[in-house]
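# Coordinate analysis (summary)
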Number of protein chains: 2
Amino acid sequence: MSPTHLQTARSQSKVDSAAIEKLLRGPEQLALRNKVLPVLANDPIFDKTRKPFLNHAQGIIDSLKVCKRLLELRDQHNWTREEYVMALLSLEETVPLAMSENAFMTVIDSQGSPEQKAHWLPRCRSYEIIGCYAQTEIAHGSNVQGLQTTARYDAQTKEFVINTPMAEDAKFWIGAMGVTANHALVQAILQVPDSFQPSGYRSVGPHLFIVPIRDQITHKPLPGITVGDIGPKAYGGFRVLDNGYLHLNSVRVPRDYMLMAHSKVSPNGEFQPAKHDKLSYGSMVYLRAGIPATQGWSLARAVTIAIRYCISRTQFSTSPGTPENSVIDYASTRHRLYPLLATSYAYIFAGKELLNSYYDMMDSLAKGDVSKLAEVHALSTALKTKSSWDCVAGMEEARKAMGGHGYSHLSGVAAIFAQQTPAQTFEGDNYVISQQIARALIKAVMLLKQHPQAPLPGSFSYLHQVLSPSPFTTSPDNWSNPSQQIQALQKCAAKIINDLAVVLAKNPRTPWTDLSWTSARLAAAHADIFVVDSFQKAVQAHGNPDLRKLGELYSLTTLVKAIPELVEAGVDTAGLRQAQEAAVGAISKEAAVGLTDAFGWLDWELPGVLGKKDGRIYEEMTRVVEEWDINKGEYGPQLREAALALTGHESAKTAKSKL
Amino acid sequence: MSPTHLQTARSQSKVDSAAIEKLLRGPEQLALRNKVLPVLANDPIFDKTRKPFLNHAQGIIDSLKVCKRLLELRDQHNWTREEYVMALLSLEETVPLAMSENAFMTVIDSQGSPEQKAHWLPRCRSYEIIGCYAQTEIAHGSNVQGLQTTARYDAQTKEFVINTPMAEDAKFWIGAMGVTANHALVQAILQVPDSFQPSGYRSVGPHLFIVPIRDQITHKPLPGITVGDIGPKAYGGFRVLDNGYLHLNSVRVPRDYMLMAHSKVSPNGEFQPAKHDKLSYGSMVYLRAGIPATQGWSLARAVTIAIRYCISRTQFSTSPGTPENSVIDYASTRHRLYPLLATSYAYIFAGKELLNSYYDMMDSLAKGDVSKLAEVHALSTALKTKSSWDCVAGMEEARKAMGGHGYSHLSGVAAIFAQQTPAQTFEGDNYVISQQIARALIKAVMLLKQHPQAPLPGSFSYLHQVLSPSPFTTSPDNWSNPSQQIQALQKCAAKIINDLAVVLAKNPRTPWTDLSWTSARLAAAHADIFVVDSFQKAVQAHGNPDLRKLGELYSLTTLVKAIPELVEAGVDTAGLRQAQEAAVGAISKEAAVGLTDAFGWLDWELPGVLGKKDGRIYEEMTRVVEEWDINKGEYGPQLREAALALTGHESAKTAKSKL
Ligand SMILES: Cc1cc2nc3c(=O)[nH]c(=O)nc-3n(C[C@H](O)[C@H](O)[C@H](O)COP(=O)(O)OP(=O)(O)OC[C@H]3O[C@@H](n4cnc5c(N)ncnc54)[C@H](O)[C@@H]3O)c2cc1C
Ligand SMILES: Cc1cc2nc3c(=O)[nH]c(=O)nc-3n(C[C@H](O)[C@H](O)[C@H](O)COP(=O)(O)OP(=O)(O)OC[C@H]3O[C@@H](n4cnc5c(N)ncnc54)[C@H](O)[C@@H]3O)c2cc1C
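All figures in this text were calculated on a predicted structure; none of them were measured in a lab.

## Section: unusual backbone geometry
Residue and element names in this part refer to chain B. A positive phi angle is found at Glu92, which is not glycine, with a value near 70°. Overall, Glu92 belongs to the buried group, its relative accessible area being 14%. Its identity as a non-glycine residue notwithstanding, Tyr127 has a phi of 60°, on the positive side. On the accessibility criterion, Tyr127 (0% relative accessible area) is buried.

As structure tokens, this is what we get:
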């Protein structure tokens, strides 16, 4: 067989893909991947091509079988916990068991007392208990204080009585609750006895309770519990997860089922609040801090598929009689895809750096030092927001760059988008949490006003600019200068903060919700500085020339998108777009192959077939399509009759009468 | 029952929704809708909520049943052709019969000889023949000249012999071919006898052939034909259409099965080309020209759902103890949704005006006058491109504005996005066809250079600016001036054309494909002028104050998005963003309800349940969810066992062994 276009381009690539892969993944992750992934890739139960044929219920049943197989493999191969978690994550779609690991166990770990952890976590690990995290209600999500589920302490029996009073207070959206979980961590407004209140109780805000919801032996709902699955999601996404709903009718749980690492209720019903009201932030910051890297890696899948396909795909020749061009040779295709390749790298690097800051902060917190919380909270929130905006939009763009076949489920990119788009909404809706960033930055600026010499954490240091802008002029020929790039982005963010400060100075009681649009712009600007900076650092540390070109493309693309903000901040943008176009042009298709190969994907990890590493796409498409049930005749007669029933032809009459 | 937030807002709205509806739809369409839609809305077979539960094959079978019911209703209610087509279109998703109507019949009508039309069209109308349009191949789409399917004329038998020589030459993506159609219009490279050629044949480019593919009595594939369904599409879109593939192995059709309105093959094999090489453009322009209005109306559905939901949805209160705010009250929600409302109106108006120009052009063409072709072709192409970009992106934004429930299939918006996103790809991929616009505009500029007084059609008239830019300064307080708005947009387009002209002047042989990125920017700029102008005209003609505000918001939003281009064109954009933010602020939620009510949607037309006109969303969500098969116990035991098999509990062992 003669080599494909993709193979030819690969053979001419000078990129050291192996070195870059090591850089991106690190030696530990590589070793884990090498051990675990081939096992999954070779097991037909993890084959992704047949999934789009399943309906909602079939999809969930299939997902439970996948989970079961995973547990068998874990035991068979004696996987460590890390290896098992790697296997769970490499499925990309969130299966029910992953919710028990991520949400249920993580929260117990961070908010449970030592005794509670000792009791519950081992049972979770053996899956005697399968858990889910139940905060959102049909009518309440973002506003946690407004939750309607109540947990009233009954000092007589030493139990909490938990209720979702009205139909619209039912828990909703809860991952793994639909059919899988037997326990739920329920957020409920805690009510403790208080004889001064007319009702005899006082509400002390939302707290977490472990509630058994299904019998461990029969798996049927326990008394007082109505539970079910909320059904299909947008775009066929989250098809392997049973998000569920839950009504609680006076369900009683023992006192020590309330998580009590921070606030506590004593046996006789006295409430003792947490010592520091932000101590419970840990797990929230952790979940947010993981999103940028996940987004980066997910976009990396999408863009690998799209770039490989667009090299394989040919269309039109430049002059009659010559072979057709790869569609990546067209200016527009390159301008659509290469910045996305750079974006995936950018969020992988920035995500790593963010997680490092998170671990730093946790170390400090453990020593009682809360000084890093504000910075890391703002950063994780800004990056969660911006990475999900940029990467998800990039996935749909990558899909479209593949033309017609991009719209086939065989492209695989739609599945990635469908899975990732809700990251803009969960773990805090992007527009809601942007206000937290804006508030933190404004607070820092106010502090600075009073104490101009106050030390600022690294990612806040540009705030000095807000109060005393330093002179800054750009040069059209100098856009590839890293310091010009960063300074220009800082000017943008500083300008937006300044605008906010002016509004708040005029009317200090302006509600933050009126500022939510501006806050979102600010979150983006704040994130951009950190992401561009992380990429620049990675490039400096490793000196790889291809990485340098990609980093430059990322900075310039970020700046081009920020042109409206730059103009308002008084930055002269002359030459910027041209510089970005030149940076696109500096990436060859051979380099693009090397830079996507550096992600190290197995074919199995890329859904669909168009991203296959050997570039033999049409053979594979034909093979897969001809094998589909609908073409193998399984539905043949039924479909034939249904079609025949439409025709005006005489012979259709019998078919019609049968339908 | 007390009124919902939505009902309260509606009762306080001063918008004359009925008058605006008349304006948007026109009296004929309103009458058609009133007659046809209630029939469908009351028939359970057209219920949309159960659809997301069907797998691929079930979805197609369901779709065929829907088609059958439509034909029964047509006969039962004695619908005229117009009424029947209204029913077909109001399903929103493209069902197989719609392909026969739109693609197959439209093309025969425009490219068939009078005898051919007389023979085929009545048979299509009675559905004795169900057709599809088969142009795209697995490996070829955009490049029609590069198609590999051949039709060789055999003068002996007076037949064409049609072949898809290799596996990758199979037709692919063909709507209604998967299981429904019994005939296909096949694009194939015509080969006519030519004794000067070594092969004895000469290729004369792509032509259209009617090819019977399934037996009309048994509906089984005819000899030499392999046909099947290409399977699921991205996002679960196009689930009710059986896009298919087709291999042809020396299939013979009679000579008069080639469409011969323009070029012809005589019985003895002489080829006679079309008189004017653009005469066959008619049906292509027609299909493109319909897209902007479809996009506008589709976005209108999405934005109606989102605005209604965001008024119903409350979250957070401004001060403790006060009721929670509707989420539309938050600045960011308004800034996300109101410009989209304006966008849907904009493309509805522009789409109307475009179709009028199209009918004008067809009248001229019928008189042999081709002068309007270039303008209408460029306009329809630019508007197809820009409307699909803007409206599809708007749909996903509208979905996200709904927070968590936006990601449920119950929001309905995902289904609209999934159906509309391929409009960016089919009827000519946006990036491919943008080059046609760029070419047309450059050609006009070149003409102008030679003949500065040459008359230009309306939408081209700003091209005078390219050669002799008129002085133009903006004022920050004057952004609501319609003439400042249009002039600024013209400056953008003129600047891009000028950049292109400079490149081409330097190297006249620059391939257009190198210019595809710039061409896409130009297509957008060219379209924007027309769309803003159409909205301004509609406002002037009707003087409705709410429409005026919305029109202003549209112009300003378009200008804000164009800031980078404006800056490059030397336009001072000071005050522009602020003007747009003020225009958002000028729309009240009461007006927004009135302006969405003006689309006149029946609840049935809006997929999902969150857009219900009465705003009683949670009751309806709860009702629908509890009725779903998975919760009504149909899969109960099977799901229970699969879940139980995961638990580490002893009792799980039996369940495990069964799975
Ligand atoms: C796939 C998926 C999985 C999930 N899994 C779980 C789970 O396992 N457990 C669980 O408890 N929950 C889960 N959720 C729920 C999720 O946490 C919430 O949907 C999310 O927090 C958003 O809240 P909401 O739906 O109430 O949105 P809302 O807050 O109602 O948002 C609606 C709109 O209002 C806007 N808005 C709201 N408040 C403000 C404000 N103050 N300022 C400006 N704008 C505002 C938002 O931007 C948005 O546009 C899941 C959701 C999804 C989509
Ligand atoms: C839902 C759906 C329904 C369809 N129904 C039918 C049908 O009924 N009958 C039928 O015949 N076909 C049908 N098609 C096929 C459709 O017409 C083609 O997919 C479409 O024309 C795009 O062509 P392509 O797939 O070859 O894309 P390609 O041309 O291969 O595009 C791939 C990428 O290359 C880029 N590209 C290609 N050429 C150039 C260039 N010269 N300059 C710059 N960039 C370029 C594109 O922008 C795109 O990013 C359907 C497709 C879809 C998605």
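## Digging into the packing of aromatic side chains
We describe a pair of aromatic rings using the distance from one ring centre to the other and the angle between the two ring planes. All names here are of chain A. Taken as a whole, this structure holds 44 aromatic pairs over all chains when the rule is applied. Relative to Phe599, the ring of Trp297 lies with its centre 6.0 Å away and its plane at 70°, an arrangement referred to as edge-to-face. Here Trp297, found in helix α7 (residues 281-312), pairs with Phe599, found in the loop between α19 (589-597) and α20 (617-627); they are 302 residues apart in sequence, far enough to count as distant. Trp297 gets classed as buried once you look at its relative accessible area, which sits at 14%. Under the relative-accessibility criterion, Phe599 is labelled buried at 0%. Aromatic ring contacts, followed pair by pair, group Trp297, Tyr345, Phe349, Phe535, Tyr554, Phe599 and Trp601 into a single cluster.

## Focus on the state of the cysteines
Formally, a disulfide is one covalent bond, and it connects the sulfur atom of one cysteine to the sulfur atom of another. Residue and element names in this part refer to chain A. Taken as a whole, this structure holds 0 disulfides over all chains when the rule is applied. There is no disulfide at Cys310, and the cysteine sulfur nearest it, in Cys391, is 19 Å away. No disulfide involves Cys492; its sulfur sits 20 Å from that of Cys391, the nearest cysteine. What makes Cys492 buried here is its relative accessible area of 3%.

## Quick look at the site of ligand 1
Neighbouring ligand 1 are 35 residues; Thr136, Ser142 and Asp429 of chain A together with Arg313 and Ala401 of chain B lie closest to it. Chains contributing residues near ligand 1 are chains A and B. Separating a nitrogen atom of ligand 1 from a backbone N or O atom of Trp173 of chain A is a distance of 3.1 Å. Here Gly404 of chain B contributes a backbone N or O atom positioned 2.8 Å from an oxygen atom of ligand 1.

## Some remarks on the nonpolar core
Counting 340 residues, the largest nonpolar core has Tyr345 and Leu463 of chain A together with Tyr345 and Leu463 of chain B as its most contacted members. Ranked by residue count, the leading element in this core is α7 of chain A, at 13 residues. Apart from the residues within four sequence positions on either side, Tyr345 of chain B is in contact with Ile20, Leu24, Phe535, Leu547, Leu550, Leu595, Ala598 and Phe599 of chain B.

## Remarks on helix α9 (residues 373-400) of chain A
Compared with the 40 Å implied by 1.5 Å per residue over 28 residues, the 40 Å span of α9 of chain A between its first and last C-alpha is a close match. For α9 of chain A, the tally of buried residues reaches 26 of 28 residues, placing the bulk of the element in the interior.

## Description of the pattern of salt bridges
The tally for this structure, following the rule as stated, stands at 62 salt bridges over all chains. In this structure, Arg399 of chain A engages Glu396 of chain A in a salt bridge whose closest nitrogen and oxygen atoms are separated by 2.8 Å. One end of the pair, Arg399 of chain A, and the other, Glu396 of chain A, are both in helix α9, 3 residues apart, so they sit about a helical turn from each other. Comparing Arg399 of chain A with Glu396 of chain A shows no difference in burial state: the two are buried. Notably, a salt bridge pairs Asp614 of chain B with Lys612 of chain B, separated by 3.3 Å at the nearest N-O pair. Residue Lys612 of chain B is classed as buried on the basis of its relative accessible area, which comes to 17%. Where salt bridges share partners, they join Arg577 and Glu581 of chain A together with Lys495, Asp499 and Glu568 of chain B into one cluster.

## Concerning the pairing of strand β9 (residues 251-254) of chain B
Residues and elements named next belong to chain B. Where burial is concerned, the two faces of β9 differ: the one with Val251 and Val253 is buried and the one with Arg252 and Pro254 is not. Both strand β3 (residues 159-163) and β9 contribute to a ladder of 4 bridges, which runs antiparallel. The residue of β9 that forms the bridge with Phe160 is Val253.

## Quick word on the confidence of the model for chain A
Of the residues in chain A, 98% have a pLDDT of 70 or more, and the chain-wide mean is 94. Under the prediction, the complex receives an ipTM of 0.97, its pTM being 0.97.

## Examining the site of ligand 2
Around ligand 2, the structure places 35 residues, and the nearest of them are Arg313 and Ala401 of chain A together with Thr136, Ser142 and Asp429 of chain B. Those residues lying near ligand 2 are distributed over chains A and B. Contact distances for ligand 2 include 2.7 Å between an oxygen atom and a side-chain N or O atom of Arg313 of chain A. Within the complex, 94% of the 960 Å² of free accessible area of ligand 2 lies under protein. If you list the elements that add at least two residues to the shell around ligand 2, you get α8 (331-366) and α10 (403-406) of chain A together with β1 (131-134), β4 (171-174) and α13 (430-450) of chain B. The residue makeup of the shell around ligand 2, split by class, is 16 nonpolar, 15 polar and 4 charged.

## Quick word on the sheet that holds strand β8 (residues 244-248) of chain B
All names here are of chain B. The 3 strands are arranged β4-β8-β7 in an open sheet whose pairing can be described as antiparallel. Each edge of the sheet is formed by a strand with only one pairing partner; in this case those strands are β4 and β7 (225-229). Direction aside, neighbouring strands of the sheet carry axes that sit 20° apart on average. Pairing analysis gives 2 bridges linking β4 to β8, with the strands arranged antiparallel. Across the sheet, the residue bridging to Lys171 is Leu246, located in β8.

Calculation criteria
- Residues numbered from 1 in each chain as written.
- Chains lettered and ligands numbered in written order.
- Predicted model: local features only at pLDDT ≥ 70, side-chain atom pairs only at ≥ 80, totals over all residues.
- Heavy atoms only, no water.
- Buried < 20%, exposed > 50% of the residue type's maximum accessible area, 1.4 Å probe, protein only.
- Phe/Tyr/Trp six-rings, centres within 6.5 Å; stacked < 30°, edge-to-face > 60°.
- Helix = DSSP H or I, 4+ residues; strand = E, 2+ residues; numbered from the N terminus.
- Disulfide = S-S within 2.5 Å.
- Near = heavy atom within 4 Å.
- Polar contact = N/O pair within 3.5 Å; in protein donor to acceptor, adjacent residues only side chain to side chain.
- Core = buried A, V, L, I, M, F, W, Y, C linked by side-chain atoms within 4.5 Å.
- Contact = heavy atoms within 4.5 Å.
- Expected span 1.5 Å × (residues − 1).
- Salt bridge = Lys/Arg side-chain N within 4 Å of Asp/Glu carboxyl O.
- Pairing = 2+ DSSP bridges.
- pLDDT = per-residue confidence, 0-100.
- Areas by Shrake-Rupley, 256 points an atom, 1.4 Å probe, with all protein chains shown as cover.
- Nonpolar A, V, L, I, M, F, W, Y, C, P; charged D, E, K, R; others polar.
- Axes fitted to C-alpha atoms, helices over the stretch in contact; angles between N-to-C directions.

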